[in-house]
Amino acid sequence: MADRFLSFVKSYAEHFISYRRDVSEKARQYASGLMQAGSRKTIYAISEVVPDTDDRNLQQFITHSKWSAGAVLDHVAQDADELIGDATDAALIIDESGFAKQGKMSVGASRQYLGRLGKVDNGQVAVFGVLAKGRFATAIDTRLYLPKEWTDDAERCHKAGIPESERVFKTKSQLALEIVAQARRNGVRFGWVGADAGYGSGPDFLFALADAGHTFLIDVHKSFVIYEVDPQRRIPEPSSKGHKARRLISGQKSLSVEEFVESCSTENWKVYNVRETTRGSLKLRVLRKSVYVWDKQSEQGRRYELLVTENLDGQDRKYSLTNQKPSTSTQRLSWMQRQRYWVERCFEDGKSQCGMADYQLRLWNAWHHHMALVMMAMLFMLTERLRMKDQCPLLSCADIQRLLAAFLPRRDASPEQVLSHMNRRHEMRRRAIESHAKRNAERRFKVT
């Protein structure tokens with residue numbers, strides 16, 4: 001497995017060119033370190049375990065080298081397609097992940113909702129595209145979200161190394177659409193686009209996917225507005241002051257999906273066996289109805305299928321809308337909806353085993369370089385799980401990481417090197433303490 005890992009990284013060597021200089025050896029070292037370092041896979045931890053490495057050289061490779069993270073991710077996407085791409089049964093799932101960070105210097109960092117913490121805190125948020133088929137999934141693309149406080153501050157963007165072309169505010173839905181379009185350009189095969197309710201907060205994202213020719217199954221909030229029948233659009237009469245209305249109105253009553261579901265008879269709910277799990281069959285209560293969605297701007301509403309699923313005890317209810325053909329079975333739609341479970345597992349493995357969240361990097365290039373190498377490592381793990389699925393069906397990403405940590409070339413450190421690394425860590429810790437104390441002093445000064 002260790003030999004296969006080294007060969008796998010070597011197959012990406014063509015992308016690691018900086019100023020006509022081959023830096024593929026540094027890529028091998030960094031990727032190996034992601035597998036070998038302990039619970040915190042920082043550059044300093046990597047340099048302690050990977051032979052012939054130096055933390056300053058690795059920092060230079062990640063932060064300042066000019067190799068293209070985008071080219072690496074395109075290669076990852078194409079390789080992932082060869083493994084699990086499928087025009088019917090694979091999905092491109094859009095999901096975001098947050099990374100808690102201290103201070104304001106890390107690119108894109110601000111106070112925003114971090115899903116991993118379940119609260120608003122200081123950190124970065126990125127949108128990811130994950131290719132999933134059955135229980136196998138891997139991340140193939142990402143976009144770092146830049147809040148308006150960043151895109152409105154040219155000096156801050158310059159200091160973080162953000163290219164001028166990226167200093168434009170984009171919503172997470174816009175970033176998601178870019179990921180879907182890039183996957184199509186890379187020839188990735190998938191039957192539908194999936195996302196959680198954060199992307200189904202309104203009809204715009206759904207309409208954009210449909211207009212681009214994509215099939216989708218998107219979760220929506222219980223407050224999402226729908227119509228039971230096609231809205232009868234009309235232009236409101238001018239006001240008493242003669243002002244013309246700017247928006248169309250409907251003669252039909254709108255409902256939230258929650259209100260609509262509560263109005264449905266209990267006889268409309270059916271029980272389906274969605275898939276097999278290690279604990280037995282996953283059985284869900286399912287409600288399916290045709291509804292209309294309207295953005296109050298288009299000439300007509302759009303007919304979609306509303307799918308509502310919940311556990312047999314009435315817990316974990318999920319609402320989704322899809323433009324799948326009405327002939328698609330309810331059992332299959334329910335299976336499609338619950339595919340997001342494997343995406344969540346994919347992120348857990350990426351963060352726990354591949355160091356996705358362990359970086360200590362501030363600049364734009366460094367963040368994207370790190371993520372590209374992490375997604376390479378995640379793809380290798382998918383490759384091994386598929387290779388061994390018959391003879392070792394329970395092989396996990398944690399197993400693969402432990403095997404690689406044991407069998408990849410590893411530094412045998414001398415006592416002097418151990419002490420040198422410890423002193424280096426202490427120096428970094430001292431600087432962090434001083435920086436934290438300085439920030440606290442500045443806050444106290446502003447208050448007084």
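Up top is the structure these notes are about.
Computed from a predicted model, the values in this text were never measured in an experiment.

### Quick notes on the overall build of the chain
Then comes step 1: Each helix and strand in the chain was counted, giving 15 helices and 16 strands.
Then comes step 2: With 448 residues in all, the chain has 49% of them scored as buried.
Then comes step 3: Sequence-distant contacts in the chain: of pairs separated by 6 or more residues, those separated by 24 or more amount to 66%.
Then comes step 4: With an accessible surface of roughly 22,700 Å², the chain has 47% of that area assigned to carbon and sulfur atoms.
Then comes step 5: Each charge class in the chain was averaged separately, 70 positive and 55 negative side chains, and the resulting centres sit 3 Å apart.

### Quick notes on helix H1 (residues 2-10)
Then comes step 1: What H1 keeps buried is the set Ala2, Phe5, Phe8 and Val9. Around the axis of H1, the buried residues are gathered within 115° of arc, so they sit on the same side. The exposed residues of H1 that point more than 90 degrees off its buried face are Asp3 and Lys10.
Then comes step 2: Tucked inside the fold, the buried residues of H1 contact helix H2 (24-36), helix H13 (364-387) and helix H14 (397-407).

### Focus on the packing of aromatic side chains
Then comes step 1: Enumeration over the complete set of coordinates arrives at 16 aromatic pairs.
Then comes step 2: Here Trp192 and Trp335 contribute two aromatic rings whose centre-to-centre distance is 5.9 Å and whose plane-to-plane angle is 65°, an arrangement assigned as edge-to-face. One end of the pair, Trp192, is in strand S7 (residues 192-195); the other, Trp335, is in helix H11 (residues 330-337), and 143 residues separate them in sequence. By the burial criterion, Trp192 is buried, and Trp335 matches it.
Then comes step 3: Arranged with centres 5.2 Å apart and planes meeting at 80°, the rings of Phe216 and Tyr304 form a pair that is edge-to-face. Note that Phe216 is positioned in strand S8 (residues 216-220) and Tyr304 in strand S15 (residues 302-311), a separation of 88 residues in sequence.
Then comes step 4: The class of Phe216 is buried, set by a relative accessible area of 0%.
Then comes step 5: The class of Tyr304 is buried, set by a relative accessible area of 5%.
Then comes step 6: Linked through ring pairs, Phe5, Phe8, Tyr12 and Phe380 together constitute an aromatic cluster.
Then comes step 7: When the ring centre of Trp269 is taken as origin, the NZ or CZ atom of Arg285, which lies over that ring, is 4.6 Å away.
Then comes step 8: The ring of Phe99 carries the charged tip of Lys351 above its face, separated from the ring centre by 5.0 Å.

### Description of the packing of H2 against H13
Then comes step 1: In contact at an axis separation of 10 Å, H2 and H13 are set at 65° when each is read in the N-to-C sense. For the crossing formed where H2 meets H13, the hand is right-handed. Contacts from Ala27, Tyr30, Leu34 and Met35 in H2 reach His370, Leu373, Val374, Ala377 and Met381 in H13.
Then comes step 2: Grouping the amino acids of the contact of H2 with H13 by side-chain chemistry returns eight nonpolar, one polar and no charged.

### Focus on the pairing of strand S16 (residues 318-322)
Residues in a regular strand project their side chains so that they alternate between the two faces of the sheet.
Then comes step 1: With respect to burial, S16 is a largely interior element, four of its five residues being buried.
Then comes step 2: Sheet topology places S8 next to S16; four bridges connect them, and they run antiparallel. Across the sheet, the residue bridging to Asp219 is Ser320, located in S16.
Then comes step 3: With five bridges connecting them, S15 and S16 associate as antiparallel partners. From the neighbouring strand, Leu306 faces S16, where its bridge partner is Leu321.
Then comes step 4: If you look at the hairpin formed by S15 and S16, you'll find six residues sitting between the two strands, and Gly314 has a positive phi there, around 85°.

### Observations regarding the environment of Val286
Then comes step 1: Within the secondary structure, Val286 is located in strand S14 (residues 280-293).
Then comes step 2: Exposure remark for Val286: the relative accessible area of 1% places this residue in the buried category.
Then comes step 3: With 18 residues separating them in the primary sequence, Val286 and Asn268 have C-alpha atoms 8.4 Å apart.
Then comes step 4: What Val286 contacts, discounting residues up to four positions off in sequence, is Asn268, Trp269, Lys270, Tyr272, Leu307, Val308, Thr309, Thr330 and Ser334.

### Section: the pattern of salt bridges
Then comes step 1: Throughout the structure, instances matching the rule amount to 28 salt bridges.
Then comes step 2: In this structure, the salt-bridge partner of Arg340 is Asp219, at a minimum N-O distance of 3.9 Å. With Arg340 in helix H12 (residues 340-353) and Asp219 in strand S8, this residue pair connects regions lying 121 residues apart in the sequence. Like Asp219, Arg340 is buried.
Then comes step 3: The network of salt bridges with common partners includes Asp95, Asp196, Asp219, Arg340 and Glu344.

### Some points on the pairing of strand S3 (residues 90-100)
Then comes step 1: Taking burial as the measure, the eleven residues of S3 include nine buried ones, the bulk of the element.
Then comes step 2: With eleven bridges joining them, S3 and strand S5 (residues 119-133) adopt antiparallel strand pairing. Directly across from Ala91, in S5, lies its bridge partner Ala132.
Then comes step 3: Inspection of the sheet shows S3 paired to S7 by four bridges, in the parallel sense. Counterpart to Ile94 in the pairing with S7 is Ala195.

Basis of the calculations
- Residues numbered from 1 in each chain as written.
- Predicted model: local features only at pLDDT ≥ 70, side-chain atom pairs only at ≥ 80, totals over all residues.
- Heavy atoms only, no water.
- Helix = DSSP H or I, 4+ residues; strand = E, 2+ residues; numbered from the N terminus.
- Buried < 20%, exposed > 50% of the residue type's maximum accessible area, 1.4 Å probe, protein only.
- Contact = heavy atoms within 4.5 Å.
- Areas by Shrake-Rupley, 256 points an atom, 1.4 Å probe, with all protein chains shown as cover.
- Lys, Arg positive; Asp, Glu negative; His and termini not counted.
- Charge placed at Lys NZ, Arg CZ, Asp CG, Glu CD.
- Arc of directions from axis to C-beta.
- Phe/Tyr/Trp six-rings, centres within 6.5 Å; stacked < 30°, edge-to-face > 60°.
- Lys NZ or Arg CZ within 6 Å of the ring centre and 35° of its normal.
- Axes fitted to C-alpha atoms, helices over the stretch in contact; angles between N-to-C directions.
- Left-handed = near helix turned anticlockwise from the far one by under 90°.
- Nonpolar A, V, L, I, M, F, W, Y, C, P; charged D, E, K, R; others polar.
- Pairing = 2+ DSSP bridges.
- Salt bridge = Lys/Arg side-chain N within 4 Å of Asp/Glu carboxyl O.

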